[in-house]
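Survey of secondary and tertiary structure
Spelled out from the first residue to the last, the chains are:
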Amino acid sequence: MLASTFAVGFGLGWAGALLPQEPPPAAAPPARAFAVVAETVHTMAGPPIADGVVLVRDGRIERIGKAVDVAVPDGMPVWRAAVVTPGLIDAHATVGLSGVLNVRHDQDQLERSAAVQPELRALDAYHARDPLVAWLRSFGITTVHTGHAPGALVSGQTMVVKTHGRSADQDVVVPLAMVAVTLGDGGRAGDGKAPGTRAKAVAMLREELQRAREYAAKRAADAEAPVDLGREVMAQVLRKEVPLLVTAHRAHDLQAALRVAQEFDVRVVLDGAAEAYTMLPELQRAGVAVLPHPTMARTVGELKNGTMELPRLLLEAGVPFALQSGFESYVPKSRVVLFEAGVAIGHGLPADAALRALTADAARLCGIDARTGTLVAGKDADLALWDGDPFEYTTHCLGTVIDGIEYRDGPR
Amino acid sequence: MVGCSRLLLALFVLPAMAAAQEVRVFRGARIVPIDGPPIDDGVLVVRGRVIEALGARDAVAVPAGAEVVDVTGRTLIPGLVCSHSHIGAVAGADGSGPIQPEVRALDSIDPRDPGIQKAQAGGITTANVMPGSGHLLSGQTVYLKLRDGRTVDDLLIRTADGGIAGGLKMANGTNPQRDPPFAGTRGKAAALVRAQFHRAREYQRKVAAANGDPTKLPERSLGLEALVEVLEQKRVVHHHTHRADDILTVLRLREEFGFRCVLHHVSEGALVAAEIAAAGVPCSVIVIDSPGGKLEARNLSLETGAVLDRAGVLVGFHTDDGITDSRLFLRSGALAVRAGMDRDQALAALTLANARMLDLQDRIGSLAPGKDADFVVLSGDPFAVRTQVLQTWIEGSKVFDLDDPRDRLMAYGGYGASEGQAMSMCCFGQGGQ
């Protein structure tokens, strides 16, 4: 056990010092069909299955059930674990754009040349082979909602991607998931540029939505009208095809987000939301989903009133939420959403709610619940294998299955 | 007049003495002394500020008149010792130069900084509070007992000779690299440090040669005085260092000048574990949730503690607060266990090993008769994700109680919990932004 942990450490952690910077993804050759057998299988589509079997074929879940009901065909390879869960979903990150080295040439999460740039696609910036993608996968995370970071009023688009670590085009699930907006201090442009105040930021956002509305009408009337890439995207927001992902922490900024959403009848998902606990009834009434800041986020600046109890408080108020690793400008360069969930459990979030927030609820929030997030026959074979309670500090992730491909990254 | 002042003294001192001799007995917990086997259903007897006795329920008599505290089902461990922290709004050297040994961290500490209360909430009772790593030598560190105090003096630890306990903070690698007069390269950094230690040796020789004659003493240098304490092994160097070659540079300088030192962070320590072990130098290791964030931490690994421990190195962990949160310090040990470290060693790495690195192992770091009554009451296994720090005691006084609403706010967060809290993170945002 110790020896293999150590070996994995060298495989993923230390390789950078000894080998070329970007080792190829650790994918085993895909077996066409195999079985995963576990003492407990959390399907998240019903009660946990004791002594469960998941049959995987051609990238999908073929059958799932109790071992007594689902026979493993003779000769089929079997991968055993104590606990199996759906592959975990990090409901908001910047991994793949904010690279591991944190030097200028690997930081593509924030373009500062203008305050409003909804035309920036995550797909064109996502670096699938950044070591942090494989790092997250080694902790059971098989899907990430990632993209442009907070820090500009409209910083760009986000995407949903599986953590194979191959390429954006091969691994993408949803190329345009949300449009990232930052309100409050984090959205200030600085250097005397607009927006310089909260009120100016909201005015500029409203202006942008208004112009996009006019643009959409013009394009509808005249197919030859010149294309504006940014307004094309904002028009999708106005058609409710794509939500705004509004990063805001102070209560008055969260209220501003709800105000704009109501005025323009657009969908918003609130990100960070450190003071959301001061306005739970409003959030519940608005039917808005929240991605609470990482539980261990530093409570400085706009997060000074943050609490590690936020996920529990959202749950008890009936506000839909999923958990995230967020954006980090320094260390840890990427948080691990599994760990953030663990600390939320340590602060009162029930474990089953935490697991839902990392699987079925996150899938729904990211619009991928038809494909992943629960273990059901016909869905993508996205699994995480554990040697115990996934949330305990001392449990190991043994590996993952993504689209039927085994990644034996563990035990880690 | 003399009699009157003696009476006044007695009036002030006697009540304090009486309070100091209060006897409390904590009964029923699983006691983990660190320097001995765990005791189930144990008894801990605290007289005044020190531990009087501990053992199994039937082996330790409850002194007459003692207040009995029922801690049945709880786990009792020594107060945690953080060997590297930046709480208390600490600051050290300024931008005027790379080497400033005369600067003392203690002159910057705000005892009301919420970071101190949050550290209490994490079970931390002693911390090495240090200036940052943006200098080759950023000043004198201060070892604080996190007592509830009004001034920094209330938090100081006095050494046997009446001095203030603390070390000296040094750094190499990229953090202290800047434009002149700072070093721009590793070679220059080492040369500046060596030249400074030669000046300290010269100062030391002149002071010795004067043999107490004030006319022959060199002009007093506050900075060189501190470095002479380092040369005489009275003050420990706490050296920030990440990359394997930088770690070896510290060992080389230590060999040349004979100082005692603790290596801090040691992101690539596993690559040079044998060399560190051969030098007999302790390591204060940081546990971070992912590698990277800066070039020299690209190979940071959760296995570092386990690898160094197996190589025979004295291993401690630290929060580097605000890099990691003091309230979650136990988690650093737990993640090291996840990565293969022995559980007992991981718990020692949060307590007694760190006490050793601060030369305080005779007073803190384990539960033993005669030691300071610094301990933590936990709801369960120290390394379980649901375990709560319920109470923190320092020298027989309770400084944190999760049942107290104000303390709970500090422990979990919420409106006002971090008001005015200073954030000290060297080089935050220098990396990629």
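Residues numbered from 1 in each chain as written. Chains lettered and ligands numbered in written order. Predicted model: local features only at pLDDT ≥ 70, side-chain atom pairs only at ≥ 80, totals over all residues.

**Some words on the nonpolar core**
Residues and elements named next belong to chain A. Counting 254 residues, the largest nonpolar core has V36, V54, L270 and V290 as its most contacted members. The element contributing the most residues to this core is helix 9 (residues 337-346), with seven residues. If sequence neighbours within four positions are ignored, V54 has contacts with A35, V36, V41, I61, I64, V84, L375 and L383. (Core = buried A, V, L, I, M, F, W, Y, C linked by C-beta atoms within 7 Å. Buried ≥ 20, exposed ≤ 12 C-beta atoms within 10 Å, placed from the backbone. Helix = DSSP H or I, 4+ residues; strand = E, 2+ residues; numbered from the N terminus. Contact = placed C-beta atoms within 7 Å.)

**Structural notes on the sheet that holds strand 7 (residues 124-129) of chain B**
Strand pairing in a sheet is mediated by backbone hydrogen bonds. Such pairs are either parallel or antiparallel. All names here are of chain B. Spatially, 6-7-9 is the arrangement adopted by the three strands of the open sheet, whose pairing is mixed. Two strands close off the open sheet at either side, each with one partner strand: strand 6 (80-85) and strand 9 (142-145). Strand-to-strand twist of the sheet, defined as the mean angle between neighbouring strand axes without regard to direction, takes the value 20°. Note: strand 6 against strand 7, four bridges, orientation parallel. Opposite V81, over in strand 7, you have T126 as the bridge partner. (Pairing = 2+ DSSP bridges. Axes fitted to C-alpha atoms, helices over the stretch in contact; angles between N-to-C directions.)

**Observations concerning the domain arrangement of chain A**
All names here are of chain A. In terms of domains, chain A is made up of domain 1 (2-87 + 374-407) and domain 2 (88-366). Computed from C-alpha atoms alone, the centre-to-centre distance between domain 1 and domain 2 is 29 Å. If you look at the interface, domain 1 gives 22 residues, while domain 2 gives 26 residues. Broken down by secondary-structure element, the contributors of at least two residues to the side of domain 1 that touches domain 2 are helix 1 (2-18), strand 4 (78-86), strand 14 (397-402) and strand 15 (405-407). Take the side of domain 1 that touches domain 2: its biggest share by element is three residues, from strand 14. Each residue belonging to the side of domain 1 that touches domain 2 can be placed in one class, and the counts come to 13 nonpolar, six polar and three charged. (Domains from an automatic or database assignment. Nonpolar A, V, L, I, M, F, W, Y, C, P; charged D, E, K, R; others polar.)

**Focus: the sheet that holds strand 13 (residues 383-386) of chain A**
Residues and elements named next belong to chain A. Within the open sheet, the seven strands sit side by side as 3-2-1-4-13-14-15. Their pairing is mixed. Here the strands that pair on one side only, and so sit at the sheet edges, are strand 3 (60-66) and strand 15. Here the strands of the sheet are splayed against their neighbours by 35° on average, with no regard to which way each runs. Examined bridge by bridge, strand 13 and strand 14 share four bridges and lie antiparallel to one another. Residue L385 lies in a different strand from strand 14, and its bridge partner there is G399.

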